[in-house]
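Residue-level structure breakdown
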Amino acid sequence: MYYYRYDSAEVSCCYKYLMFSYNIIFWLAGAAFIAAGFWAWSEKGVLLDLTQVTQLHGFDPVWLVLVVGGVTFILGFAGCVGALRENICLLKFFSGVIGFIFVLELTAAVLAVVFQSQVRDWINDFFLANVKAYRDDIDLQNLIDSLQRMNHCCGAQEPDDWDQNVYFSCNGTHRSREKCGVPFSCCNADPSDSVVNTQCGYDVRNIPNKIEWSEHIYTKGCISALEDWLPGNLYTVAIVFIVISLLQMVGIYLARTLISDIEKVRLNY
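Right, let's walk through the structure included here.

Cut-offs applied
The residue numbers shown here count from 1 along each chain, following its written sequence. Restriction of local features to residues with pLDDT of at least 70 applies here, the model being predicted, together with a cutoff of 80 or more for giving and counting side-chain atom pairs; totals for whole chains, interfaces and linings are based on all residues. Here the side-chain values reflect all heavy atoms present in the structure, with hydrogen atoms and water set aside. The definition of a nonpolar core used throughout is a set of buried Ala, Val, Leu, Ile, Met, Phe, Trp, Tyr and Cys residues joined through side-chain atoms within 4.5 Å. Burial classification: accessible surface area is computed with a 1.4 Å probe over protein chains only, and a residue below 20% of its type maximum counts as buried, one above 50% as exposed, and the rest as partly exposed. Segments assigned H or I by DSSP are reported as helices when at least four residues long, segments assigned E as strands when at least two residues long, and all are numbered from the N terminus. Contact criterion: two residues are considered in contact whenever any of their non-hydrogen atoms come within 4.5 Å of each other. In this scheme, a helix's expected span is set at 1.5 Å multiplied by one less than its residue total. This arc describes the spread of directions from the helix axis toward the C-beta atoms. For the purposes of these results, a polar contact is taken to be a pair of N or O atoms within 3.5 Å, where, inside protein, one atom must be able to donate a hydrogen and its partner to accept one; residues adjacent in sequence count only when each atom of the pair is a side-chain atom. Here, the term disulfide refers to a pair of cysteine sulfur atoms separated by no more than 2.5 Å.

**Topic: the nonpolar core**
Core analysis: the biggest nonpolar cluster contains 22 residues, and Cys154, Trp162, Val182, Cys186 and Ile217 have the highest contact counts within it. Secondary-structure elements contributing two or more residues to this core are helix 5 (116-132), helix 6 (138-151) and helix 7 (222-232). Every residue in contact with Cys154, bar those within four places of it in the chain, is listed here: Gln148, Pro159, Trp162, Val182, Cys186, Tyr218, Lys220, Gly221 and Cys222.

This is the structure we're talking about:
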């Protein structure tokens, strides 16, 4: 009598299409980020003159959009194609990079807690460097304005930090109308104003008594505002970090499970 063994090992369709669905969202999101980044560069004329990329002295937010979009697009592509084609190489690449990013995030969080003073100094220097380049790039300008308006702050440590910018500096012989002033985003917001007064910060720092500045502009630095904001929103920051970590862990789990299924099927043939 002969006995036949029928192997029913097969790749789980559940994990396969869960992996595909998980990654298609990130793939499309990455494509959208890349498109938005190139659109922003085209609006600034960078695509017509690529030398502008290296001429900016401050931080161009478009770079962040393109890097995040590029990484997300590549990972989404590897996950989608790896799942549909049952390609172990792409799936291992996907899970490896996700794991590496998770370790980087964890390391950055630990270092930020351990070296708080050094991180604070680095953020301060970074902010001052971008204050200096405020007028060099419209996206950088909008980013700083948004930061100052949302946090009711002005400069890194104080409004006088705007002396770092050639247009707002009180020093020198330049004839800028903004001399000894601050950007409009430093001004005390009036909810009744339907039109933003972009000249509200002119000549404010010419007022001899600095105590009177608070009647016109925010006098708290943005570094101090960030330090005040963080303790009150610690749970929010923790929840965001946990959600991102869980998404990464789910992606790694799906990829490793799919790899295991594919390897089992191949061993049976």
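**Examining helix 6**
Over its 14 residues, helix 6 runs 20 Å from end to end, which matches the ideal 20 Å to within 8%, given 1.5 Å per residue. All of the buried residues in helix 6 are Leu140, Gln141, Ile144, Asp145 and Gln148. On an axial view of helix 6, the arc spanned by its buried residues comes to 130°, and they lie on one face. The inward-facing, buried residues of helix 6 contact helix 3 (61-84), helix 5 and helix 7. For helix 6, the side-chain oxygen to backbone nitrogen distance between the N-cap and Asp139 is 3.0 Å, and the N-cap itself is Asp137. A positive backbone phi angle near 50° is found at His152, which sits one or two residues after helix 6.

**A word on the environment of Ala78**
Within the secondary structure, Ala78 is located in helix 3. Judged by relative accessible area, Ala78 falls into the buried class, the value being 2%. For the pair Ala78 and Ala36, spaced 42 residues apart in sequence, the C-alpha separation works out to 22 Å. Contact partners of Ala78, with chain neighbours within four places excluded, come to Leu90, Phe93 and Phe94.

**Description of the state of the cysteines**
All chains considered together, the criterion is met by four disulfides. A disulfide bridge connects Cys153 with Cys222, and the sulfur atoms are separated by 2.0 Å. The chirality of the disulfide connecting Cys153 with Cys222 is right-handed, given an S-S dihedral of about 85°. Of the two residues, Cys153 is situated in the loop between helix 6 and helix 7 and Cys222 in helix 7; the sequence distance between them amounts to 69 residues. Each member of the pair Cys153 and Cys222 is classed as buried. In this model, Cys170 is linked to Cys180 through a disulfide, with the two sulfur atoms separated by 2.0 Å.

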